[in-house]
Amino acid sequence: MFTSGFESIRDLILGRSAGSFEELALSLFAYQSSQNLSYARYIQAAGLESFKPQRWSEIPLMRADSFKRLRHYCSVEEPVLCFRSSGTTDSIRSEHHLSAQELELYELSLWASFSEAFPLVSTNAPVQVFFLSEPYTERLDSSLFYMFECIRGRLNQPESAYLLQSGSFDLEPLRGAIKLGDKPILLLGTAYAFAELLEKSNEPLSLPAGSALMETGGFKTSKVTLSKQELYASLSECFALPESSIVGQYGMSELGSQYYDQSYVLGEPKARMKLAKPWCQFRILRPTDLSQDCTEGELGLIAHYDLTNCDSLAFILSQDLGRQVAGGFELIGRAPKAVLQGCSLDSEAYLTARREL
């Protein structure tokens, strides 16, 4: 296990150390390229077994969809948890196996990022949290549901509630909190859940001052025709909130870290950039030449270098499009198949690694 490095990553997340991301990333590469058999075989098939990167940005990436067919795991111990991507019953789902220490880093990173995006939860100010989802017990393999349950447990609020029960919304707890109006409300859910709520609710749900919404997950059904801008405008009207109080979250089941808009913190609705963290860096790469970083404003594929994935795979090329902006990146959406098929990632090396398992 990546024991000494794990302690350094933990200190980095907790703000106890200004340790070098680059040094930790290079050390983690050395560990994973030998102990993660899927990654090691990929490196070998690509002819990079003797390659020693000098910078974190030189570390070879594997595609996120490799989690669908390969078991990315380093420890000799059995994983304590497996997150699976969402999908239909006939689709192959990604599997992210987490060791005990990786799960600890996931939870630390989760809270550090969430409390930074919503600073009211890290103060003594009163706040009430609701989740526009079913309880975690309904989806034990969902990283998003696990995240919701971690937040609920951390805040330790008996009155917090999951508002989706047996496929139907139960808004009574939310209505009760709105009626009292004595503390800000945080309402967390997927874009699809919020769109469904807008469609089915015929009443105003004006939230108290200082409240906020967290939207994540995108639209996973063709039933929803709202654009992100239209959704946020409708939510702003329904909940009587400024659009700056609607925060987009970006995460993947394959990643231990999440990114958030800066809109609520900055009070600016256009502040939709996602920022790197001391323990999680990104690059925006040209699909036609992944050795090249995009220039600012140029559309490309988002690559993640996430130290919280200490016992799985930390160096991941996503299937998401983004553009670099001042201070971070802007998430655009899922890359079309044509972009991914034309991507210059060494697919032969990936397929060879798959065949050898």
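Residues numbered from 1 in each chain as written. Predicted model: local features only at pLDDT ≥ 70, side-chain atom pairs only at ≥ 80, totals over all residues. Heavy atoms only, no water.

A.B. asks: For this particular structure, what's the right way to read the nonpolar core?
C.D. replies: Soluble globular proteins tend to bury their nonpolar side chains together. Ranked by internal contacts, the top residues of the largest apolar core, which has 48 residues, are Ile9, Leu28, Tyr39, Ile59, Tyr305, Leu307 and Phe315. Looking at this core, the elements that each hand over two or more residues are α1 (3-14), α2 (21-35), α3 (37-45), β12 (280-286), β14 (299-306) and β15 (315-325). A total of six residues in this core trace back to one element, the largest contributor, which is α2. With near-sequence residues (within four places) excluded, Ile59 lies in contact with Ala25, Leu26, Phe29, Tyr39, Pro53, Tyr305 and Phe315. Tyr106, Val129, Cys150 and Met214 belong to the second-largest nonpolar core, a separate cluster that totals 32 residues. (Core = buried A, V, L, I, M, F, W, Y, C linked by side-chain atoms within 4.5 Å. Buried < 20%, exposed > 50% of the residue type's maximum accessible area, 1.4 Å probe, protein only. Helix = DSSP H or I, 4+ residues; strand = E, 2+ residues; numbered from the N terminus. Contact = heavy atoms within 4.5 Å.)

A.B. asks: What's the story with the confidence of the model for the protein chain in this structure? I'm lost.
C.D. replies: Close inspection of predicted coordinates is inappropriate for parts of the model with low pLDDT. Summing up the model confidence of the protein chain, the mean pLDDT is 89 and the portion of residues at 70 or higher is 90%. Long-range and interchain partners of residues 346-357, a stretch whose pLDDT sits below 50, account for 22 contacts in this model, where long-range means more than four residues apart. (pLDDT = per-residue confidence, 0-100.)

A.B. asks: Quick question: what am I supposed to make of the pattern of salt bridges here?
C.D. replies: Opposite charge on two side chains allows them to pair when their charged atoms are near. Within the structure shown, the criterion is met by 21 salt bridges. When the shortest N-O distance is used, the salt bridge between Glu104 and Arg10 registers 3.6 Å. Taken together, the positions of Glu104 in helix α4 (residues 100-117) and Arg10 in helix α1 put the pair 94 residues apart, joining distant regions of the chain. Owing to a relative accessible area of 34%, Glu104 belongs among the partly exposed residues under this scheme. Where Asp65 meets Arg63, a salt bridge forms, and the shortest distance between an N and an O atom there is 3.2 Å. The same class applies to Asp65 and to Arg63, which are both buried. Among the charged side chains, a network of salt bridges with common partners joins Arg84, Arg93, Glu95, Arg139 and Asp141. (Salt bridge = Lys/Arg side-chain N within 4 Å of Asp/Glu carboxyl O.)

A.B. asks: Before we go on, may I ask you to explain unusual backbone geometry in this structure?
C.D. replies: Backbone phi values are negative for most residues with the exception of glycine, while trans is the configuration of most peptide bonds. For Ser166, which is not a glycine, the phi torsion comes out positive at approximately 50°. Along the chain, Ser166 turns up in the loop between β6 (164-165) and β7 (168-169). Taking relative accessible area as the criterion, Ser166 reaches 79% and is therefore assigned exposed. The residue Ala240 is not glycine, and still its phi comes out positive at about 55°. Looking at where Ala240 falls in the secondary structure, it is placed in the loop between α8 (228-239) and β10 (246-250).

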